[in-house]
Amino acid sequence: MTAMVVLACTETEKAKTGAEQLFDRMQALQLKGYMYGHQDDPFYGLQWDGDTMPGVDRSDILATVGDYPAVMGFDLGGIEMGDAKNLDSVAFERIRTELIKHHERGGIVTISWHPRNPVTGGTAWDVNDTTVVSQILHNDSISKKFNLWMSRVGDFLKSLKTADGQPVPVIFRPWHENNGSWFWWGQKLCSDDDFHGLWNLLQDYLLGEGLDNLLWSYSPNLDGGWNEERFNARYPGDDRVSLIGEDAYQWGTEEDYVKALKADLTFLSDYAKKHGKLLAMTECGYKNIPDSTWWTRVLQPAMDAFPICYFHTWRNYKEEYFAPDPDQVSAADFRRLYDSDRTLFLRDITDKPSAGEQP
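The present account deals with the structure reproduced in this document. The numbers attached to residues start from 1 for each chain and follow its sequence in the written order. Only residues with pLDDT of at least 70 are given local features in this predicted model, and only at 80 or more are side-chain atom pairs given and counted; all residues enter the totals for whole chains, interfaces and linings. Hydrogens are left out, water is left out, and the side-chain values use all remaining heavy atoms of the structure.

Let us look at the overall build of the protein. A run of DSSP states H or I qualifies as a helix once it reaches four residues; a run of E qualifies as a strand once it reaches two. Both are numbered from the N-terminal end. Within the protein one finds 12 helices and nine strands. Note that the radius of gyration is over C-alpha atoms, with the globule rule given as 2.2 Å times the number of residues to the power 0.38. What you see for the protein is a C-alpha radius of gyration of 19 Å, in line with the 21 Å of a compact globule of 359 residues. Considered along the principal axes of its C-alpha atoms, the protein spans approximately 55 × 50 × 45 Å. With a 1.4 Å probe rolled over the protein chains alone, any residue whose accessible area is under 20% of its type maximum counts as buried; one over 50% counts as exposed, and the rest are partly exposed. Each of the 359 residues in the protein was classed as buried or not, and the buried ones make up 55%. Residues count as neighbours in contact if any of their non-hydrogen atoms are within 4.5 Å of one another. Counted over contacts in the protein with a minimum sequence separation of 6, partners at least 24 positions apart contribute 77%. By element, 50% of the accessible surface of the protein is carried by carbon and sulfur atoms, the whole surface being about 14,600 Å². Accessible surface is estimated by sampling points in the Shrake-Rupley manner with a 1.4 Å probe; for residues, cover comes only from the protein chains shown.

Below is the structure:
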């Protein structure tokens, strides 16, 4: 693996916003390789639940390779309701603590938001009403409710500060997988204009709250047929996006997955280069990883061919997981991926030692 020391900020860098500094850091790291990210890494594992062991640091990735992910992902679904825990039953106080902890150990953090349906009261996956986004934009009572929801998101994001009061830079990834139709903001649930209105509403609000530490990621789903016209239809615009991501899971055959992934990354890497954006696989994986060589035989060759800055597997849980623990069938292959010169875990992006390593 390739080690990289984080250098002290210059005076010019200090003048940049937190988001701009994060962009520069990720762009520099991309010259070394691509970072590995994991959702809910400190909260759940294949054989453990973090809530049952308060105060104990656990990570399936740390247990498998002896290092933390470079990127950790967290979700705010439920914050809009004023709930104490998110949609995955993780306390927001714990999310705040672990997020700041990962930043302070030198890692990078990303946040998604699966808000409930403000019209029906259902989950983010409730698509029974096709007017939700339109009502947020044009119905006074729903707009008022959504304004409250945005304020709760903003309050949480503003609370993400280090001990010396510095805001934590965050990759913020709202309204993801919008080219699918399984979320209430999806392709068949709102017009392109209304989607732009929803994006702008949230972004303008959070920027108006002074949150210039958010690096905004636009992250549609694996498509397999992108072209300029289709992609631009919902793309928020270069002035509103710093990172272009794609959520790319293998749900069907290996052949179909590889074909779609290569087609999409060919288009997206060219688009990102022309528009000056970072590129990432903002979600990816193979449910329960039944293939013992999937990491280096299927996923890695596709990633090696394109200039991505990170790839991010979804969370581990007993019934559904997307990364191995030491006993999982793909663990040895994941360690081979870890040993690659192209993959970057925590030790590769910071001069700070990981858990158990002496300075």
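Time to look at the pattern of salt bridges. For salt bridges, the criterion is a side-chain nitrogen of Lys or Arg within 4 Å of an Asp or Glu carboxyl oxygen. A complete count under the given rule lists 19 salt bridges for this structure. Of the charged contacts in the structure, one is a salt bridge between Arg-173 and Glu-283, with a shortest N-O distance of 2.7 Å. Linking Arg-173 in strand β4 (residues 170-173) with Glu-283 in strand β7 (residues 278-285), this pair joins segments that are 110 residues apart in sequence. Using a relative accessible area of 2% as the deciding quantity, one classes Arg-173 as buried. A cluster of three or more residues bridged by salt bridges with shared partners is formed by Asp-57, Arg-94, Glu-98 and Lys-101.

A few words on the side chain of Asp-41. Turning to its location among the elements, Asp-41 is positioned in the loop between β1 (34-39) and α3 (60-65). Buried within the structure, Asp-41 lacks any salt-bridge partner; its nearest side chain of opposite charge belongs to Arg-105, at an N-O separation of 6.3 Å. Looking at Asp-41, its side chain comes within polar contact range of the side chain of His-38, at 2.8 Å. Residue contacts for Asp-41: discarding those within four places in its chain leaves Trp-48, Arg-58, Ser-59, Ile-61, Tyr-68, Pro-69 and Met-72. Residues scored as charged are limited to Lys and Arg (positive) and Asp and Glu (negative), so that His and the chain ends carry no count. Pairs of N or O atoms are called polar contacts if they sit within 3.5 Å, as long as, within protein, a hydrogen donor faces a hydrogen acceptor (for residues adjacent in sequence, only side-chain-to-side-chain pairs).

What follows covers a nonpolar patch on the surface. Patches here are clusters of residues that have more than 30% relative accessible area and form no salt bridge, with a 9 Å joining cutoff for like charges and a 5 Å cutoff for nonpolar side chains (Val, Leu, Ile, Met, Phe, Trp, Tyr). Side chains of Leu-87, Trp-125 and Trp-182 sit close together on the surface and give an oily, nonpolar patch of about 300 Å² of accessible area. Mapped onto the elements of the fold, Leu-87 is located in the loop between β2 (71-75) and α4 (92-104).

To continue, consider the nonpolar core. If you look at the biggest cluster of nonpolar residues, it comprises 104 residues, and the most contacted ones within it are Met-26, Met-35, Leu-157, Trp-175, Met-281 and Phe-311. The greatest single-element share of this core, amounting to eight residues, is contributed by helix α9 (residues 254-275). If near-sequence neighbours (up to four positions away) are discounted, Met-35 is found in contact with Met-26, Leu-29, Ala-70, Val-71, Ile-108, Cys-309, Tyr-310, Phe-311, Leu-344 and Ile-349. Among the buried residues, those of types Ala, Val, Leu, Ile, Met, Phe, Trp, Tyr and Cys that are joined through side-chain atoms within 4.5 Å form a nonpolar core.

For any pair of aromatic rings, the description rests on two quantities: the centre-to-centre distance and the angle between the ring planes. Aromatic pairs are defined between Phe, Tyr and Trp rings, using the six-membered ring for Trp, whenever the two ring centres lie within 6.5 Å; interplanar angles under 30 degrees are classed as stacked, those over 60 as edge-to-face, and all others as tilted. The tally for this structure, following the rule as stated, stands at 37 aromatic pairs. Relative to Phe-345, the ring of Tyr-36 lies with its centre 5.1 Å away and its plane at 25 degrees, an arrangement referred to as stacked. Pair noted here: Tyr-36 is in strand β1 and Phe-345 is in the loop between β9 (343-344) and α12 (346-349), with a separation of 309 residues, a long-range link. Accessibility classification places Tyr-36 together with Phe-345 in one group, the buried group. Taken together, a centroid distance of 5.3 Å and an interplanar angle of 35 degrees make the contact between Tyr-249 and Trp-251 tilted. Given the relative accessible area of 7%, Tyr-249 is considered buried. Take Trp-251: its relative accessible area is 61%, and that puts it in the exposed class. Taken together through their ring pairs, the aromatic side chains of Tyr-34, Tyr-36, Tyr-257, Tyr-286, Trp-294, Trp-295, Phe-311, Phe-334, Tyr-338 and Phe-345 make up a single cluster.

Time to look at helix α6 (residues 140-158). Under the 1.5 Å per step criterion, the end-to-end length of α6 is 26 Å for 19 residues, consistent within 8% with the ideal 27 Å. By the burial criterion, the buried members of α6 are Ile-142, Ser-143, Phe-146, Trp-149, Met-150, Ser-151, Val-153, Gly-154, Phe-156 and Leu-157. The inward-facing, buried residues of α6 contact α4, β3 (108-112), α5 (132-138), β4, α7 (192-208) and β5 (214-218). Between the first and last residue of a helix there are one fewer steps than residues, each counted as 1.5 Å, and that sum is the expected span.

Of all five residues in β5, five are buried, a share of seventy percent or more. Burial along β5 is two-sided: Leu-214, Trp-216 and Tyr-218 and Leu-215 and Ser-217, pointing in opposite directions, are all buried. Bridging between β4 and β5 involves three bridges; their strand directions are parallel. From the neighbouring strand, Ile-171 faces β5, where its bridge partner is Leu-215. Of the crossover connections in this fold, the one passing from β4 over α7 to the parallel β5 is right-handed. In terms of strand pairing, β5 meets strand β6 (residues 243-249) through two bridges, oriented parallel. Considered in β6, the bridge of Ser-217 is made with Leu-243. Pairing between two strands is assigned when DSSP locates at least 2 bridges connecting them. By convention a crossover is right-handed if, when the strands point away from the viewer, the path from the first strand over the helix to the second runs clockwise.

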